[in-house]
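# Secondary and tertiary structure notes
Listed below are the residues making up each chain.
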Amino acid sequence: MIAPVKRTTHYPLLLKDLKKCTSVGHPDEHDLELAFVAMESLAQSVDSIKHQEEEKTDLYNAYHSTVNCPLQLLNARRRLLMQYDVTDKDKRPYHIAICSDLIMLTQSQALKKKKLEQNEMNEKPWKFICWLDLKECTV
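I will try to describe carefully the structure that is included in this document.

Here is what the cut-offs are and how they apply
Residues numbered from 1 in each chain as written. Predicted model: local features only at pLDDT ≥ 70, side-chain atom pairs only at ≥ 80, totals over all residues. Heavy atoms only, no water. Pairing = 2+ DSSP bridges. Helix = DSSP H or I, 4+ residues; strand = E, 2+ residues; numbered from the N terminus. Contact = heavy atoms within 4.5 Å. Axes fitted to C-alpha atoms, helices over the stretch in contact; angles between N-to-C directions. Polar contact = N/O pair within 3.5 Å; in protein donor to acceptor, adjacent residues only side chain to side chain. Buried < 20%, exposed > 50% of the residue type's maximum accessible area, 1.4 Å probe, protein only. Disulfide = S-S within 2.5 Å.

Let's shift gears to the sheet that holds strand 1 (residues 66-67). Overall, mixed pairing links the five strands, which are arranged 1-5-4-3-2 in an open sheet. Strands at the two margins of the open sheet, each flanked by one partner only, are strand 1 and strand 2 (80-87). Across seven bridges, the pairing between strand 4 (residues 102-108) and strand 5 (residues 126-133) is antiparallel. Pairing of glutamine 107 across the sheet is with lysine 127, part of strand 5. Packing against the sheet, helix 2 (residues 29-64) makes contact with strand 1, strand 2 and strand 3 (93-99), and its axis sits at approximately 40° to strand 2.

Bringing the environment of lysine 19 into the picture now. Examined against the element boundaries, lysine 19 turns out to sit in helix 1 (residues 4-21). Between the C-alpha atom of lysine 19 and that of histidine 30, which follows or precedes it by eleven residues, the distance is 9.6 Å. Other than its neighbours up to four places away in sequence, lysine 19 contacts Leu32, Glu33 and Phe36. For lysine 19, the side chain forms a polar contact with the side chain of glutamate 33, separated by 2.5 Å.

This part is about unusual backbone geometry. Excluding glycine, most residues fall at negative phi; most peptide bonds, likewise, are trans. Residue asparagine 68 is not a glycine yet carries a positive backbone phi of 60°. When you line up the elements, asparagine 68 lands in the loop between strand 1 and strand 2. The backbone of lysine 91 sits at a positive phi, close to 70°, despite the residue not being glycine. Tracing the backbone through its elements, the reader meets lysine 91 in the loop between strand 2 and strand 3. By relative accessible area, lysine 91 is classed as exposed at 64%.

This structure, assessed with the given rule, holds zero disulfides. Unpaired in terms of disulfides, cysteine 99 finds its nearest cysteine sulfur in cysteine 69, a separation of 9.1 Å. For cysteine 99, a relative accessible area of 2% corresponds to the buried category.

For the rest of this paragraph, the subject is the side chain of histidine 95. Residue position: histidine 95 is located in strand 3. Looking at histidine 95, the relative accessible area reads 11%, which means it is buried. Within the structure, the side chain of histidine 95 is placed 2.7 Å from the side chain of glutamine 83, a separation counted as a polar contact. If we skip the residues at most four places from it in the chain, histidine 95 touches Gln83, Tyr84, Asp85, Met104, Leu105, Thr106 and Trp126.

Written as structure tokens, this is what we have:
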């Protein structure tokens, strides 16, 4: 069975195929065009909302996978744009989360593996270091 959200994206395709099979001047031609436009608009709206929810989920996951992460990271207007795993010149692993209004830097908990129990490290692999508010940056 197809999930309701995925089904919405199939309707425009079905209506487009139906339009191709409908002869010019057919009584249903105009209604098919209206239905196609409406379903295409609905599919775009659903896709946009789904994308926004995925961004919120990613932000929530970043918060919950980071030790000492400030609760302020979870902001309704903030979007998580990208995440990168990087290393410094000494090969220490870091994680950078780029949000719509800040950049968060975290360090791998694997460095403190001996001090942490394996279960805790799996739940929160990163430790918060700092963040940079993009409003305070000048280029």
